[in-house]
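So the chains spell out like this:
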Amino acid sequence: MWTWTKKLFGKRSETGPAPASASLPSASTISSQPAATTRTSYDERRCFTPNKQPGRITPQAIVLHHSAGSYLGGVEWIANPASKVSYHVLIARDGRRTVFGEDTDRCWHAGVSSWCGRGDLNSWSLGVSWEGDTYDRPLEDAAMESAIEYIAPRMKKWGIPMTRVLTHQEVSPGRKNDISLADAARFKSRLKAALND
């Protein structure tokens, strides 16, 4: 499985440095350009996933998730076609992130979902996930800052208001519980402050 994932793992982001790491393969097999054009503070890699539909959406919301597993395990799982799961980005506790889709790709992150009477959030939202379980371990500062670095420019680009930064449990009540209410409140407060800077 590791060899297969290593073969699929994407190139370093052109938006900032991403030094080689023993925990992240550096092989390049894709040529798509990164969605963001600003320089990043956190390592950002791209990884191919078959679990999406390219160029199919206009983002109008952001759905926050936690993966319940490790960062590298999440990268492997999302790259595996058997999982039928993907996010636009997966963020590690230390702020590293892996991008799996362009903003306009229809990633498979929300499943059966609705918000304000409108269903199928996969068709109109960006899926942003952190590694781990936010009920077992709160989000680290680096993980939140990395998410803000990824999300804030996209909110501005697509005109997404704070009222449409949602949790998976908000759009799939009774079916999903991510992320924890405490972390959702902390993150949304930080994101709002960053947008007002």
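Criteria and thresholds
- Residues numbered from 1 in each chain as written.
- Predicted model: local features only at pLDDT ≥ 70, side-chain atom pairs only at ≥ 80, totals over all residues.
- Heavy atoms only, no water.
- Salt bridge = Lys/Arg side-chain N within 4 Å of Asp/Glu carboxyl O.
- Helix = DSSP H or I, 4+ residues; strand = E, 2+ residues; numbered from the N terminus.
- Core = buried A, V, L, I, M, F, W, Y, C linked by side-chain atoms within 4.5 Å.
- Buried < 20%, exposed > 50% of the residue type's maximum accessible area, 1.4 Å probe, protein only.
- Contact = heavy atoms within 4.5 Å.
- Expected span 1.5 Å × (residues − 1).

Draft legend 1. Spatial organisation of the pattern of salt bridges. This structure, assessed with the given rule, holds 14 salt bridges. When the shortest N-O distance is used, the salt bridge between glutamate 145 and arginine 190 registers 3.4 Å. Highlighted residues: glutamate 145 in helix 3 (residues 141-158) and arginine 190 in helix 5 (residues 181-196), separated in sequence by 45 residues. Here the salt bridges share partners, and the residues they tie into one network are Arg93, Glu131, Arg137 and Glu140.

Draft legend 2. Quick look at the nonpolar core. Within the largest apolar cluster, 23 residues are counted, with the highest numbers of intra-cluster contacts made by Ile62, Leu64, Val128, Trp130, Ile151, Phe187 and Leu191. Put simply, the parts of the chain that give this core at least two residues each are strand 4 (61-66), strand 5 (89-91), strand 10 (125-130), helix 3 and helix 5. Among the elements that make up this core, the one with the highest residue count is helix 3 (eight residues). The residues contacting isoleucine 62, other than those within four sequence positions of it, are Ser125, Leu126, Val128, Ile151, Met155, Ile160, Arg164, Val165 and Leu166. Of all hydrophobic cores here, the second largest spans nine residues; its members include Val75, Ala79, Leu90 and Phe100.

Draft legend 3. Representation of the environment of tryptophan 124 in the model. Mapped onto the fold, tryptophan 124 is located in the loop between strand 9 (118-119) and strand 10. Once the C-alpha coordinates of tryptophan 124 and isoleucine 57 are considered, the two residues, 67 residues apart in sequence, prove to be 5.7 Å apart.

Draft legend 4. Examining helix 3 more closely. Between its terminal C-alpha atoms helix 3 stretches 25 Å, which fits the 26 Å expected from 18 residues at 1.5 Å a residue. For helix 3, the set of buried residues is Ala143, Met144, Ser146, Ala147, Ile148, Tyr150, Ile151, Ala152, Arg154 and Met155. Where helix 3 terminates, the next one or two residues include glycine 159, which has phi positive at roughly 70°.

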